[in-house]
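So the chains spell out like this:
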Amino acid sequence: MKQFHNFIDGEFAATGNTFDKRTPITNAVIGQVHEAGQAEVDAAVAAARAALKGEWGRMPVTRRVELLYAVADEINRRFDDFLAAELADTGKPHSLASHIDIPRGAANFKVFADIIKNVPTESFEMTTPDGGTAISYALRSPVGVVGVVCPWNLPLLLMTWKVGPALACGNTVIVKPSEETPATATLLGEVMNAVGIPKGVYNVVHGFGPGSAGEYLTRHPGVNAITFTGETRTGEAIMAAAAKGVRPVSFELGGKNAGVVFADADFDKAVAGIMRSAFENCGQVCLGTERVYVQRPIFDKFVAALAAKAAALKIGPPDMPGVGLGPLISAEHKAKVLSYYAKAKAEGATVVTGGGEPDMPAELKDGHWVQPTIWTGLPESAAVIREEIFGPCCHIAPFDTVDEAIALANATDYGLATTVWTQNLSTAHRMAREIEVGLCWINSWFLRDLRTAFGGSKASGIGREGGVHSLEFYTELRNVMVKL
Ligand code: NAD
Ligand code: 6OD
């Protein structure tokens, strides 16, 4: 049985307390996770603080950059190990993890190594009141020990998206992976040791949120800043914890994103794009579109085309040939998604396709499978249109005008992302300006350039990470004024 140990001060450490890790493919127990208590979190914080004062804290940026490149190269060298770990933890299709999750795990180190090496700080010359000259310049220093609290949907991608810039900026980190997906954060500890990242720079504590490692870490006074990806409600709890000591937070939270398809869109590309945005990763992507609005002249044709593709998705384990839909992450999450499937029916939805559980072969019966589901006919007040489900489902409604599409897209407390499909430039730019989101994709979805700002508006987050924007969170600027 695999053991998922905490990784503290460069050592893998067992604890007396373990919980089962089950694979969503069959619900079988595949490992034991060693839950960190207060003592382990204290030890991780002490190690991370000590590392700031040691070799890591004194290391020239050029050496740090070399080490981060080495981390990326080692992830690529151990690509198959990371892939196997991610597939066992999440059950997602092999093609998805091998094209997106694992490559991004490596890219997230390289891109921020390049940025820290190349981005200058500001400098100003001024005339002083006595007619002399002064020059001011800015120094960037690390914020210190960063707590990194992660979700389960893209475990390696989202964890390294924060660890990469945090380390590039000279911080030390303590990662709290989701209790559902402990594997790749643990494996990354082996990579850190292999390439010579000093002890205490990268630490991992396993466990849950409240009353466990998540709460102990975010409440810890030795943690200087907290970066978190997960549910908006969890963000509220972490923000309350961070208030003690007035510690900064960076939050990437939930969404209830709209996909908007205009009648002039390239029809096939729009159908393919919305297929991805609604069903990729079994709908467990914060950027996904559970609300789709289609302009009336193509509404019926679009619903029929999307439904045909959704119904044809092959449901199964990661290595099944042609698989397009894996399982949901857990029995608990499956129950939540199915409860929304029931609510949609109760509220009078037309179930265009899906709406329940698929018939799976005996050996997979206990996995967390649900059907890809499309509804129409609900009022905007319906629960499945208002609340984040995080499953492979969407409601499709017709609209007539650009104004109406904007109003519908904005009628939510969230503001993470949108995907707009049109060939009319004016419409595209107007939508981009008027939809209240952090991320607007035109004729694309989840197309990423890591130099750009990433984050959500409204209840979908606080702050932006990505490119130079990550430096704003992971460093402190000190202004130095020199009177000549
Ligand atoms: P979650 O909020 O339940 O858990 C995320 C992490 O927080 C886990 O590690 C969990 O153990 C920890 N946690 C929970 N309660 C805590 C507490 N009180 N104190 C400290 N830590 C605590 O989220 P999830 O279910 O793992 O992930 C799905 C959610 O994440 C969805 O809402 C999704 O939209 C969101 N998400 C957002 C983004 C984004 O970029 N905006 C990306 C991915 C996922
Ligand atoms: O691509 C990224 O950098 C990112 N943070 C993606 C988030 C996906 C949410 O599920």
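Residues numbered from 1 in each chain as written. Chains lettered and ligands numbered in written order. Predicted model: local features only at pLDDT ≥ 70, side-chain atom pairs only at ≥ 80, totals over all residues. Heavy atoms only, no water.

## Some details on the overall build of the protein
Test applied: Each helix is a run of H or I in the DSSP string that is no shorter than four residues. Each strand is a run of E no shorter than two, and both are numbered from the N terminus. As a reference, a globule follows 2.2 Å times the number of residues to the power 0.38, and the radius of gyration itself is taken over C-alpha atoms. Contacts are residue-level and defined by heavy atoms, with any inter-residue pair within 4.5 Å sufficient. The method behind every accessible area is Shrake-Rupley, applied with a 1.4 Å probe, and residues are considered shielded solely by the protein chains displayed. His is not counted here, nor are the chain ends, while Lys and Arg score as positive and Asp and Glu score as negative. The atoms used to mark charge sites are NZ of Lys, CZ of Arg, CG of Asp and CD of Glu.
Looking only at helices and strands, one finds 16 helices and 25 strands in the protein. For 484 residues, the compact-globule formula gives about 23 Å, and the C-alpha radius of gyration of the protein, at 23 Å, lands near that figure. Principal-axis analysis of the C-alpha atoms places the extent of the protein at approximately 70 × 65 × 40 Å. Long-range pairs, those at least 24 residues apart, make up 74% of the contacts in the protein between residues at least 6 apart in sequence. As displayed, the protein has an accessible area near 18,900 Å², and 54% of this comes from carbon and sulfur atoms. Within the protein, the 52 negative side-chain charges are centred at a point lying 2 Å from the centre of the 44 positive side-chain charges.

## What about helix α1 (residues 38–53)?
Cut-off, in case you're wondering: Helix span is expected to be 1.5 Å times the residue number reduced by one. We call a residue buried when its accessible area falls under 20% of the maximum for its residue type, exposed when it is over 50%, and partly exposed in between, using a 1.4 Å probe and counting protein chains only. It is the directions from the helix axis to the C-beta atoms whose arc is reported.
With 16 residues, α1 should cover 22 Å at 1.5 Å per step; its first-to-last C-alpha distance of 23 Å lies within 8% of that length. All of the buried residues in α1 are V41, A44, V45, A47, A48, A51 and L52. Considered in projection along α1, the buried side chains sweep an arc of 160° and stay on one side of the axis. Residues of α1 that are exposed and point over 90 degrees away from its buried face: A39 and K53. The inward-facing, buried residues of α1 contact β2 (6–8), α2 (55–58), β8 (145–149), β9 (172–176), β10 (202–204) and α8 (213–219).

## Some thoughts on the packing of helix α10 (residues 267–279) against helix α11 (residues 299–311)
Applicable threshold: To define axes, lines are fitted to C-alpha atoms, for helices over the stretch in contact only, and angles between the resulting N-to-C directions are given on a 0 to 180 degree scale. Angle categories: roughly parallel below 35 degrees, roughly antiparallel above 145, roughly perpendicular from 65 to 115, and oblique for all the rest. By convention, the crossing between two helices is left-handed when the near helix turns anticlockwise from the far helix through less than a right angle, and right-handed when the turn is clockwise. Gly is placed with the polar residues, together with every amino acid not listed as nonpolar (Ala, Val, Leu, Ile, Met, Phe, Trp, Tyr, Cys and Pro) or charged (Asp, Glu, Lys and Arg).
Interhelical geometry of α10 versus α11 gives an angle of 55° and a closest axis separation of 10 Å. By the criterion of interaxial angle, the relationship of α10 to α11 is oblique. As α10 runs across α11, the sense of the crossing is right-handed. Taken together, the residues of α11 that come into contact with α10 (itself represented by F267, A270, V271, I274, M275 and F279) are K301, F302, A305, L306, K309 and A310. Looking at the contact of α10 with α11, its residues break down into ten nonpolar, no polar and two charged.

## Comments concerning the environment of F109
The topology assignment puts F109 in helix α5 (residues 94–118). A sequence separation of 37 residues divides F109 from A72, and the C-alpha atoms of the two residues are 5.8 Å apart. Those residues in contact with F109 that lie beyond four places of it in its chain are L68, V71, A72, I75, T160, V163, G164, L167, L188 and M192.

Worth remembering: the numbers are spatial, not functional.
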